[in-house]
Amino acid sequence: DPQQLELATSGKRKLRRFIVIDEVVDELYGSKVREYFEENNVQHKILALPTTEETKSMDLVLNILQEVQKFSIDRRTEPIIAIGGGVCLDIVGLAASLYRRRTPYIRVPTTLLSYVDASVGAKNGVNFLQCKNKLGGYTPPVASFLDRSFIQSIPRRHISNGLGEILKMALMKHKGLFDLLKSHGKYLLDTKFQSYSGCADHRDAALQTTRIAIETMLEELAPNLWEDDLDRLVDFGHLISPELEMRVLPSLMHGEAVNIDMAFMTYVAHARGLLTAEEKEQIIQCMRGLELPVWHGGCSWPLIKKALLERLKHSGGQLRMPLPTGLGVAEIFNDTTEETLERAYKLWVRD
């Protein structure tokens, strides 16, 4: 913004920034973030918070807003910056959308899951009454800054967790992405999504997979940013997982719960005759290769029925069930019978 640049360089007014950073990220990168703002002569306040599914609440949003009020920002020229995983980005997005009706904010994702998922789109929110993201809104950030070097400091399980959301986009929209995950999944886990030159066998698998995942996600979200159309392929893996994830907290991470949902729905697609036995097996083996869980004892038949009833309630009385109809292609179905679901469930549990 030329006007902002003029203000910054003319010395008329000192640049100011309010930053919310996840406390674990702060331990790893906080000193670099502070150094950056000091070197650029930016007056700043850094608020380090525990941002987990268990703390993802309105209380934390209000805590942030009290600090924002104390620091006193100009909502037109001083965006709030969120540095952390998906929970941090969601909480800060909601806080920014509430402060003076809408304050701009910037997302800086630091996990693989938030890099390919929470950084894209307009949604933000917090958990409420043991329900996932029950309170929230649609306020897109003014920018998302993507830097894969953050991912090298996260544990292997967190990288696998992010691969769950990448696999979702592969199964729904992009066979090439599915093939990349099948061929390079272990390499991506081993190298923590960093790019290395001179590795001809894997080309730049990290850049390719993240780029395709984000591009396919944008293709789906951009025309339907406010979710006016409830038929959404990106809901694959999100019919049963919200109920499962909240029920078994903190034993499953988000991408893991999503993958368990996707594994069950792969069996549903097979039971409906949409996938061959070989395609079903390829998908399950790919999930295992990405070190993702394909089943969980907490995902009982009563829980599945309860989750699908909730789905009916919130999606205009129709299931709107995205299912793969091959590798990298999918459709939305409203006519899956309970008998088919139960048959798929029994096969899934047996396997």
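Here, every reference points to the structure presented above.
We now turn to the structure provided with this report. Keep in mind that this is a model prediction, so the values were computed, not measured.

Cut-offs and rules
- Residues numbered from 1 in each chain as written.
- Predicted model: local features only at pLDDT ≥ 70, side-chain atom pairs only at ≥ 80, totals over all residues.
- Heavy atoms only, no water.
- Helix = DSSP H or I, 4+ residues; strand = E, 2+ residues; numbered from the N terminus.
- Expected span 1.5 Å × (residues − 1).
- Buried < 20%, exposed > 50% of the residue type's maximum accessible area, 1.4 Å probe, protein only.
- Core = buried A, V, L, I, M, F, W, Y, C linked by side-chain atoms within 4.5 Å.
- Domains from an automatic or database assignment.
- Contact = heavy atoms within 4.5 Å.
- Phe/Tyr/Trp six-rings, centres within 6.5 Å; stacked < 30°, edge-to-face > 60°.
- Pairing = 2+ DSSP bridges.
- Axes fitted to C-alpha atoms, helices over the stretch in contact; angles between N-to-C directions.
- Parallel < 35°, antiparallel > 145°, perpendicular 65-115°, else oblique.
- Nonpolar A, V, L, I, M, F, W, Y, C, P; charged D, E, K, R; others polar.

### Details of helix H4 (residues 86-98)
Between its terminal C-alpha atoms H4 stretches 19 Å, which fits the 18 Å expected from 13 residues at 1.5 Å a residue. Of all 13 residues that make up H4, 11 are buried, and the element is covered over most of its length. Turning to H4, its buried residues are Val87, Cys88, Leu89, Asp90, Ile91, Val92, Gly93, Leu94, Ala95, Ala96 and Ser97. Taken from the residues just after H4, Arg100 is the one with a positive phi, measuring 50°.

### Describing the nonpolar core
In terms of nonpolar packing, the biggest core is built from 71 residues, with Leu167 and Phe264 touching the most fellow members. Each of domain 1 (14-152) and domain 2 (155-195 + 202-224 + 231-350) contributes no fewer than three residues to this core. Residue contacts for Leu167: discarding those within four places in its chain leaves Phe178, Leu181, Asn259, Met262, Cys286, Met287 and Leu290. Membership of the second largest hydrophobic core comes to 25 residues, among which are Phe71, Ile73, Val92 and Ala96.

### What to know about the packing of aromatic side chains
With the rule as written, the count across this model stands at 8 aromatic pairs. When the centroid spacing of 5.9 Å and the interplanar angle of 55° are considered together, the rings of Phe18 and Phe71 count as tilted. Taken as a pair, Phe18 in strand S1 (residues 16-22) and Phe71 in helix H3 (residues 58-71) lie far apart in primary sequence, 53 residues in all. Overall, the relative accessible area of 1% leaves Phe18 in the buried class.

### Considerations on the sheet that holds strand S3 (residues 80-84)
Spatially, the 5 strands line up as an open sheet ordered S2-S1-S3-S4-S7, and their pairing is parallel. Since the sheet does not close on itself, it has two edges, and those belong to strand S2 (43-49) and strand S7 (143-144), each with one partner. Each of S1, S2 and S3 touches helix H2 (residues 23-39); the most contacted strand, S1, lies at about 160° to it.

### Details of the packing of helix H6 (residues 156-173) against helix H7 (residues 175-191)
At a closest axis distance of 9 Å, the pairing of H6 and H7 adopts a crossing angle of 170°. For the element pair H6 / H7, the angle class is roughly antiparallel. Counted together, Arg156, Ile159, Ser160, Leu163, Ile166, Leu167, Met169, Ala170, Leu171 and Lys173 of H6 and Lys175, Leu177, Phe178, Leu181, Lys186, Leu188, Leu189 and Asp190 of H7 form the full contact between these two elements. Partitioning the contact of H6 with H7 into residue classes produces 12 nonpolar, 1 polar and 5 charged.

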